[in-house]
Amino acid sequence: MTGKLFLVATPIGNLEDITFRAINILKEVDIIAAEDTRHTLKLLNYYEISKPLISYHRHNEEVKSDILIDKLLEGKNIAVVSDAGTPGISDPGEEVVKEAIKNNIEVIPIPGACALVNALIASGLNTKEFLFLGFLPLNKKNRDNALDKIKKAKSTVILYEAPHKLIKTLQDLLKNIGDINCVLAREITKIHEEFIRGNISNLLEQIQEPKGEYVILLDLNNLENENEDEISQKTVEEQYKIYEAQGMNKKDIIKQIAKNKNVPKNEIYKLFI
Ligand code: SAM
């Protein structure tokens, strides 16, 4: 009989954020495939679990998937865990799941912590509709495509980011999307957990040296809700801010405000020089 593949969510900070079922599965499986075996050992030691470990990370995912599949076909039950949170979410897992399905191996998720879900539910932003893009790509073309996708979104957008890249990413978002409302969920479940809220420019002023782990949540929900009629009732300065936050350039903003106010473009232009 073939074995089963369990995808076991582990804590994202607080070691107590793991389910009874997850602990039992980790105790019962034959092998634990871990992103970083030393990291996972700390969790296993905390719960007094002793199991053979295989390393399974981003750089060996394909090769190691074959090894895991062979062992599953031999009848071994395997649990895949990542360093933190839910395997497969910006973490290894996807490859072995695809291979397991091809080989008719049962895949069983064991739910638990996931940074994006916990950041979202406490953010105060729209939770009904959201777009999760993981880490923004570093390659310029792919990054521009992702920024374009964000610009077109009409929901909450969720990103992961490493602390040393946070400022650059916020600057890119400000430049490409505008000064929109944003939430930074920092160090969720840890001692220094905090939710920092404000416009992107606000947040850039507040955090000069990012420390710890961050989820970025962008509020792209209501930008289009204010229709042109409502916007045109506002002052020229207020209108300017709204259109700027929607990512419009200065020339188009002036054109739009002039249209709303039913005055020549030059009149509005003069106000901004
Ligand atoms: N698989 C994980 C999950 O389920 O959320 C995500 C792993 S991904 C490699 C790591 C990123 O998740 C971090 O750079 C950060 O953006 C986010 N993250 C993980 N733990 C976090 C925490 N405790 N607080 C805030 N963000 C966290």
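Residues numbered from 1 in each chain as written. Predicted model: local features only at pLDDT ≥ 70, side-chain atom pairs only at ≥ 80, totals over all residues. Heavy atoms only, no water.

(A) How the structure looks around the site of the ligand. The environment of the ligand is made up of 19 residues, and the closest members are T86, I89, D91, Y160 and Y214. Between the ligand and D91, the relevant distance is 2.8 Å, taken from a nitrogen atom to a side-chain nitrogen or oxygen of the residue. One of the backbone N or O atoms of I188 is found 2.9 Å from a nitrogen atom in the ligand. The protein chains hide 92% of the 570 Å² of surface that the ligand would expose on its own. Among the cavities detected, the one that contains the ligand is the largest pocket. Of all the elements in the fold, those that place two or more residues in the shell around the ligand are strand 7 (156-161) and strand 10 (214-219). When its residues are assigned to classes, the shell around the ligand shows eleven nonpolar, three polar and five charged. Mapping the shell around the ligand onto the domain boundaries places at least three of its residues in each of domain 1 (5-113) and domain 2 (116-221). (Near = heavy atom within 4 Å. Polar contact = N/O pair within 3.5 Å; in protein donor to acceptor, adjacent residues only side chain to side chain. Areas by Shrake-Rupley, 256 points an atom, 1.4 Å probe, with all protein chains shown as cover. 1 Å grid on protein atoms, 1.4 Å probe; cavity = no way out; pocket = protein on both sides within 12 Å on 5 of 7 lines; lining within 4 Å. Sits in = over half its atoms within 2 Å of the grid points. Helix = DSSP H or I, 4+ residues; strand = E, 2+ residues; numbered from the N terminus. Nonpolar A, V, L, I, M, F, W, Y, C, P; charged D, E, K, R; others polar. Domains from an automatic or database assignment.)

(B) Quick look at the nonpolar core. Core analysis: the largest hydrophobic core is formed by 24 residues, its most contacted members being I150, L170, L173, L184, I216 and L218. Counting only elements with at least two residues in this core, the list comes to helix 6 (140-152), strand 7, helix 7 (166-177), strand 8 (181-186), helix 8 (200-206) and strand 10. Here this core takes four residues from helix 7, the largest share from any one element. Ranked by size, the runner-up nonpolar core spans 18 residues in total, among them V8, A22, I32 and A79. (Core = buried A, V, L, I, M, F, W, Y, C linked by side-chain atoms within 4.5 Å. Buried < 20%, exposed > 50% of the residue type's maximum accessible area, 1.4 Å probe, protein only.)

(C) Main features of the sheet that holds strand 7. Spatial strand order, 6-7-10-8-9: five strands in an open sheet with mixed pairing. Looking along the sheet, the strands with just one partner apiece sit at the ends: strand 6 (130-135) and strand 9 (194-199). For this sheet, the mean angle separating the axes of adjacent strands, direction not counted, is 20°. Sheet topology note: the strand 7/strand 10 ladder contains six bridges and is antiparallel. Counterpart to Y160 in the pairing with strand 10 is V215. Its contacts with the sheet put helix 6 on strand 6, strand 7 and strand 10, and the angle it makes with strand 6 is roughly 160°. (Pairing = 2+ DSSP bridges. Axes fitted to C-alpha atoms, helices over the stretch in contact; angles between N-to-C directions. Contact = heavy atoms within 4.5 Å.)

(D) Region of interest: the pattern of salt bridges. Scanning all chains against the criterion turns up nine salt bridges. Between K98 and E94 there is a salt bridge; the shortest N-O distance is 2.8 Å. With K98 and E94 both in helix 4 (residues 94-102), this residue pair falls four residues apart, about one helical turn. On the basis of relative accessible area, E94 is assigned to the partly exposed category, the value being 45%. Each of R143, K168 and D172 takes part in a single network of salt bridges with overlapping partners. (Salt bridge = Lys/Arg side-chain N within 4 Å of Asp/Glu carboxyl O.)

(E) View of the pairing of strand 7. Most of strand 7 sits out of view: six of its six residues are buried. Both faces of strand 7 are covered, namely the face carrying T156, I158 and Y160 and the face carrying V157, L159 and E161. Two strands pair when backbone bridges link them, and strand 6 and strand 7 are joined in this way by five bridges, in the parallel orientation. Counterpart to F135 in the pairing with strand 7 is Y160. After leaving strand 6, the chain enters helix 6 and then returns to the sheet as strand 7, a path that is right-handed. (Right-handed = clockwise from strand over helix to strand, strands pointing away.)

(F) Spotlight on helix 1 (residues 20-28). Along helix 1, the residues classified as buried are A22, I23, I25 and L26. On an axial view of helix 1, the arc spanned by its buried residues comes to 160°, and they lie on one face. Residues F20 and E28 are exposed on helix 1 and point more than 90 degrees away from its buried face. Next to the buried residues of helix 1 lie strand 1 (5-8), strand 2 (31-34), helix 2 (37-46), strand 4 (78-81) and strand 5 (107-110). (Arc of directions from axis to C-beta.)

(G) Region of interest: the layout of surface pockets. There is about 680 Å³ of room inside the largest pocket. In this structure, the largest pocket is lined by 33 residues; those nearest its centre are I12, D83, A84, G85 and E213. Looking at the lining of the largest pocket, the element that brings in the most residues is helix 2, giving four residues. Mapped onto the domain boundaries, the lining of the largest pocket takes at least three residues apiece from domain 1 (5-113) and domain 2 (116-221). Counted as a void, the second largest pocket has a volume near 370 Å³. Along its surface, the second largest pocket is lined by 14 residues, and R58, S90, D91, F135 and K165 are the ones closest to its centre. Taken together, the residues that form the lining of the second largest pocket break down as six nonpolar, three polar and five charged. Looking at which domains feed residues into the lining of the second largest pocket, each of domain 1 (5-113) and domain 2 (116-221) gives three or more. (Points joined across faces, edges and corners; volume = space filled by probe spheres on them.)

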